[in-house]
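Working through the structure, step by step
For reference, the chains in residue letters:
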Amino acid sequence: MAMPTRSLSFHPHTPRFNALTSAITSCLQALNPQNSSPSHINPAPLNQFSPTLNSQLVIDVINNQDNPYHALFFFNWASNPYPNPNNYSHTQRCYVAITDLLLSHSLFSVASSLLEKSNRLNDFLGSKFITACGNRGHIEGAIFWFHKAKTIERGNCLFSYNAILNVLVNANQIKLARIFFDQIRCGVPIVPDESTYAIMIKGYCKLGMIEDARKVFDEIPSEPNLVCYNTMINGYCKKGNMDQAIKIFHRLLGSKDCFPCTVTYTTLIDGYCKKGEFNEAMKWMDGMKLRGCKPNLLTYNAIIYSLCLRGNVDEAKKLMAEMRLNGVKENLATHMSILKGLCRVGNSNDAVNYLGEIIRKGMKPDEKAYGLVVNEYCKMRKPNEAISLLKQMPGKGISPSVSSFNSVFRLLMELGELGTAILLLNQMQGMGCKPNLVSYNTVICGLCKARNRMQDVKEILNKMLSSGFAIDATMYSSLIKGYCENGDEEIATQVFNEMVHQNYVLNPDSFRVFVKQLCEKGKAVEAEKLFKDLIERCSVVDVEAYKRILDEQLVKFPVRGREESST
């Protein structure tokens, strides 16, 4: 008598089950389908796995594929395997898994075709399409899929309603979200659930529309869930309205089904910290512990940040040690607070050393961390160390910020290290950062104050102009003064005329140097004419002050002025 075929099943994630997943994956890689309908590929090599098929294995194989077409080929084969001793058929979870994978690769039409052919497109899977479109910023596509799900389910599509609300809220389309929300409340055969209300509350709070959020919160027909309570508390905390946040908290305490959690307390603690009410924050920290809620990383980070903001770096370090003892591991944000605190209290050497400590811990400081230390080197008047740090950053995959470069440029100008500043300016772009107008302004204006550097100024100015930047009033004034002090009043005059044409006003100090240079060269009449052009074309606030400067120079050089007038 023939023995019945015994069902082969394996517990998920056992070595045998994992080996099956790997074997099927290897088989799919050998078959290597590269489109959704590879008719030339024979699936026969997969038949050996037919006796082992179950929904969990199918899901694991799908999730194990990097190539979505491999997963689809396997899914289609498993829909009608040969042989099929266990009468295997896909469950809803299998369709969810393949849909998720296809949508993650933007294969919308392939996923849609699969579900429509199998008559599996429903409210829940429709919500997947809505969310996937929203994640790509395709709002119109999300609305299209919402209407498709609504048609299929004849309006009974709460998952899709919540999905479209979430997409619109994430895109800050709160007015449109309200239209869909009102449809659920008034005109379709479903009623909103707690998620519906929570999404709308989140949307209003996100945009700072706290009173609108409160109206939705108060509309909830049943007891709000913890997400709704926490969202409202967070909304009030962001507004700095701690009194209302506490009122919501007390309402939560009176609830029969909800209890404050770590998120609730952390939100209040962070709110008080940001308002600068540190003592209140610590009271809530103590109260949280008394109620059996354990502080998490966000809780500790909020307190540590507040301590560092107040300059209590030692206290912050003690709290970091406490969190470690309580099994909470610090992150980069924790160390960034300490680093900022050291900078805030002026412990530049400690800040520099602390960055090295962060790196030794295996963490990867970001541009802000390096920028803080660059600024500290500048405060210590150590430009070489600051430049060295800037040069290390690209090798670590970090682009230095232009503000960090500008801090170094200011220091180099103060120290008179003009050549280093020019070299650094030329190297900036190769280090992953483009100079901005402040960069050029700092270097050019600094060079204009030095002797015999106007050729360097000309070269840098040409680069600046070719980069799309325009000369501003400050730079015009520096250029004119620089050319005058370099003894080149003709170029200074050209720059002055260009400046006046741009309706910029020469500052008094540069005007004094300019007029003096002209009068010394016997061009007093030209100086008077240029003065008239300045006050006629530009909005000079204190004309009399400029007139006094001109008259002072004319008094010093009366003969040359008159001789120039008589000619």
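In the block above lies the structure referred to throughout.
A few points on the structure. What you see is a predicted model; the values in this text were computed from it and never measured. (Residues numbered from 1 in each chain as written. Predicted model: local features only at pLDDT ≥ 70, side-chain atom pairs only at ≥ 80, totals over all residues. Heavy atoms only, no water.)

**Looking at the pattern of salt bridges**
Scanning the model with the defined rule gives 22 salt bridges in all. Between Lys 274 and Asp 270 there is a salt bridge, with the nearest N and O atoms lying 3.0 Å from each other. Remark: Asp 270 and Lys 274 occur in helix H14 (residues 262-274); sequence separation between them is 4 residues, near one turn of the helix. Of the residues examined, Lys 274 reaches a relative accessible area of 67% and is grouped as exposed. On the basis of relative accessible area, Asp 270 is assigned to the partly exposed category, the value being 25%. The salt bridge involving Lys 379 is made with Glu 376; its shortest N-O contact spans 3.0 Å. Within this pair, Lys 379 and its partner Glu 376 are both found in helix H20 (residues 367-379), separated by 3 residues, close to a single helical turn. Three or more residues are tied together by salt bridges with common partners; here these are Arg 178, Asp 182, Arg 185 and Glu 219. (Salt bridge = Lys/Arg side-chain N within 4 Å of Asp/Glu carboxyl O. Helix = DSSP H or I, 4+ residues; strand = E, 2+ residues; numbered from the N terminus. Buried < 20%, exposed > 50% of the residue type's maximum accessible area, 1.4 Å probe, protein only.)

**Thoughts on the side chain of Asn 67**
Tracing the backbone through its elements, the reader meets Asn 67 in the loop between helix H2 (55-63) and helix H3 (68-79). Polar contacts involving the side chain of Asn 67 include one to the main-chain amide nitrogen of Tyr 69, which spans 2.9 Å. Beyond its immediate chain neighbours, meaning those up to four positions away, Asn 67 contacts Pro 33 and Gln 34. (Polar contact = N/O pair within 3.5 Å; in protein donor to acceptor, adjacent residues only side chain to side chain. Contact = heavy atoms within 4.5 Å.)

**Concerning helix H15 (residues 278-290)**
Look at H15: 19 Å from first C-alpha to last across 13 residues, which is about the 18 Å you get at 1.5 Å a residue. In this fold, the buried residues of H15 make contact with helix H13 (242-253), H14 and helix H16 (297-309). (Expected span 1.5 Å × (residues − 1).)

**Describing the nonpolar core**
Ranked by internal contacts, the top residues of the largest apolar core, which has 187 residues, are Leu 46, Ile 444 and Leu 479. Looking at which element gives the most residues to this core, the answer is helix H4 (residues 92-104), with 8 residues. Among residues more than four places away in sequence, those in contact with Leu 479 are Ile 444, Cys 448, Met 454, Val 457, Leu 461, Ile 471 and Val 495. (Core = buried A, V, L, I, M, F, W, Y, C linked by side-chain atoms within 4.5 Å.)

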